[in-house]
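A look at the structure
The residues making up each chain are set out below.
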Amino acid sequence: MKYEPGVIEARGSKNGKVVLTDKRETTGDPKTIRLNADRTEINADGEDVAVVRVEVLDELERPIPTADDLIIFK
């Protein structure tokens, strides 16, 4: 089967009723990144941390789950 870009949607049912849906769409080339922290403030005590999630986005701001671009923080 030849690959074609598009959308795939999965639906989970329980007792004949749809209880969960999830959709994946083919994304474009990487254009930007998005950083999301698990909180907006940390204690300035040298021991507190925030977890930052980094996502690579295409031009329509869709996350690219297979992106493997090197991102360096300083």
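Below: a short report on this structure.

1. A short note on the pattern of salt bridges
Using the criterion set out here, one finds 8 salt bridges in the structure. Note that glutamate 55 is salt-bridged to arginine 34, the shortest N-O span being 3.0 Å. Of this pair, glutamate 55 sits in strand β4 (residues 52–57) while arginine 34 sits in strand β3 (residues 32–37), and the two are 21 residues apart along the sequence. Its relative accessible area of 13% is what places glutamate 55 among the buried residues. The residue aspartate 58 makes a salt bridge to arginine 62 at a minimum N-O spacing of 2.7 Å.

2. Here's the deal with the pairing of strand β1 (residues 7–14)
Here β1 lies mainly on the outside; 0 of its 8 residues are buried. Taken together, the 8 bridges between β1 and strand β2 (residues 17–25) define a ladder with antiparallel strand orientation. If you follow valine 7 over to β2, its bridge partner there is glutamate 25.

3. Side note on the environment of glutamate 61
With respect to the secondary-structure elements, glutamate 61 resides in the segment after β4. With a relative accessible area of 55%, glutamate 61 lands in the exposed category. With 59 residues separating them along the chain, glutamate 61 and lysine 2 place their C-alpha atoms 26 Å apart.

4. Regarding a nonpolar patch on the surface
Together, Ile33, Leu35, Val52, Val54 and Phe73 give the surface a local cluster of nonpolar side chains, amounting to about 440 Å² of exposed area. By the element assignment, valine 54 lies in strand β4.

5. Comments concerning the environment of phenylalanine 73
Secondary-structure assignment places phenylalanine 73 in the segment after β4. For the pair phenylalanine 73 and leucine 60, spaced 13 residues apart in the sequence, the C-alpha separation amounts to 24 Å. Not counting chain neighbours up to four residues away, the residues in contact with phenylalanine 73 comprise Leu35 and Val54.

What counts, and where the lines are drawn
- Residues numbered from 1 in each chain as written.
- Predicted model: local features only at pLDDT ≥ 70, side-chain atom pairs only at ≥ 80, totals over all residues.
- Heavy atoms only, no water.
- Salt bridge = Lys/Arg side-chain N within 4 Å of Asp/Glu carboxyl O.
- Helix = DSSP H or I, 4+ residues; strand = E, 2+ residues; numbered from the N terminus.
- Buried < 20%, exposed > 50% of the residue type's maximum accessible area, 1.4 Å probe, protein only.
- Pairing = 2+ DSSP bridges.
- Patch = residues over 30% accessible without salt bridge, like charges linked within 9 Å, V, L, I, M, F, W, Y side chains within 5 Å.
- Areas by Shrake-Rupley, 256 points an atom, 1.4 Å probe, with all protein chains shown as cover.
- Contact = heavy atoms within 4.5 Å.

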